[in-house]
Amino acid sequence: QHVDKEGNTREAGDRWMVHGPRDYIPTTQVEVMESRRAIAMHDFEGVYVRDLKTGTVRAQMGPCSYMLESTEELWEKNLSPNVEALLQKGKSKPRDKTRVVMYSVPHNSVCQIFDYKKKTSRFVPGPDMLSLS
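Peer 1: Is there a simple way to explain the overall build of the protein chain in this structure?
Peer 2: Looking only at helices and strands, the protein chain features one helix and eleven strands. Element order for the protein chain, N to C, with α for helix and β for strand: β-β-β-β-β-β-β-α-β-β-β-β. Over its C-alpha atoms the protein chain spans a radius of gyration of 20 Å, topping by over 25% the 14 Å that the globule rule assigns to 133 residues. For the protein chain, the residues scored as buried account for 22% of the 133 residues in total. Relative to all contacts within the protein chain whose residues are 6 or more apart in sequence, the contacts with residues 24 or more apart total 38%. For the protein chain, the computed accessible surface area is about 10,400 Å², with 51% contributed by carbon and sulfur atoms. Each charge sign in the protein chain was given a centre, from 20 positive and 18 negative side chains, and these centres are 7 Å apart.

Okay, here's the thing in structure tokens:
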């Protein structure tokens, strides 16, 4: 059991976050697991966030500056090799798997999107920008 300067009691295995610009010198009973920074996102950008308590994954979309909570982590979305090849077409660097998948539908074309959660399909005519959240 650990009691910090503010009087919060921490048990073994608890996770918590120290907020703000401040100096923090951990005691010998405390292990600093990671140091986090805010994630800046513009329009049509986002990250996949997984809640460690419930296991649910959600897409946090911009424009915003997002700071992960102590019970959250970035989640990597794995795609099939065919979809990865389609998204990499014309790009030099590999895709960041924690970022929301974005696809630009070209002019004079149509893209079909199937939502596995709702079991529905939709068609998006180009030119348009899609996010797979």
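Peer 1: Would you mind going over a nonpolar patch on the surface with me for this structure?
Peer 2: Taken together, the side chains of Val18, Tyr24 and Val32 present a nonpolar region at the surface, about 240 Å² in accessible area. Summarising the element assignment, tyrosine 24 is placed in the loop between strand 2 (9–10) and strand 3 (39–41). The exposure class assigned to tyrosine 24 is partly exposed, which follows from its relative accessible area of 35%.

Peer 1: I keep staring at the environment of leucine 132 and nothing clicks. Help me out?
Peer 2: Relative to the helices and strands, leucine 132 resides in strand 11 (residues 128–132). Spatially, the C-alpha atom of leucine 132 lies 39 Å from that of valine 30, the residues being 102 residues apart in sequence.

Peer 1: I keep staring at the nonpolar core and nothing clicks. Help me out?
Peer 2: Buried together is how nonpolar side chains tend to be arranged in soluble globular proteins. Ranked by size, the top nonpolar core spans six residues in total: Ile39, Met41, Val47, Val49, Tyr66 and Leu68. For tyrosine 66, the contacting residues outside a window of four places in its chain are Ala38, Ile39, Met41, Val49, Arg58, Gln60 and Glu72.

Rules of the game
- Residues numbered from 1 in each chain as written.
- Predicted model: local features only at pLDDT ≥ 70, side-chain atom pairs only at ≥ 80, totals over all residues.
- Heavy atoms only, no water.
- Helix = DSSP H or I, 4+ residues; strand = E, 2+ residues; numbered from the N terminus.
- Rg over C-alpha atoms; globule rule 2.2 N^0.38 Å.
- Buried < 20%, exposed > 50% of the residue type's maximum accessible area, 1.4 Å probe, protein only.
- Contact = heavy atoms within 4.5 Å.
- Areas by Shrake-Rupley, 256 points an atom, 1.4 Å probe, with all protein chains shown as cover.
- Lys, Arg positive; Asp, Glu negative; His and termini not counted.
- Charge placed at Lys NZ, Arg CZ, Asp CG, Glu CD.
- Patch = residues over 30% accessible without salt bridge, like charges linked within 9 Å, V, L, I, M, F, W, Y side chains within 5 Å.
- Salt bridge = Lys/Arg side-chain N within 4 Å of Asp/Glu carboxyl O.
- Core = buried A, V, L, I, M, F, W, Y, C linked by side-chain atoms within 4.5 Å.

None of this, on its own, says anything about what the molecule does.
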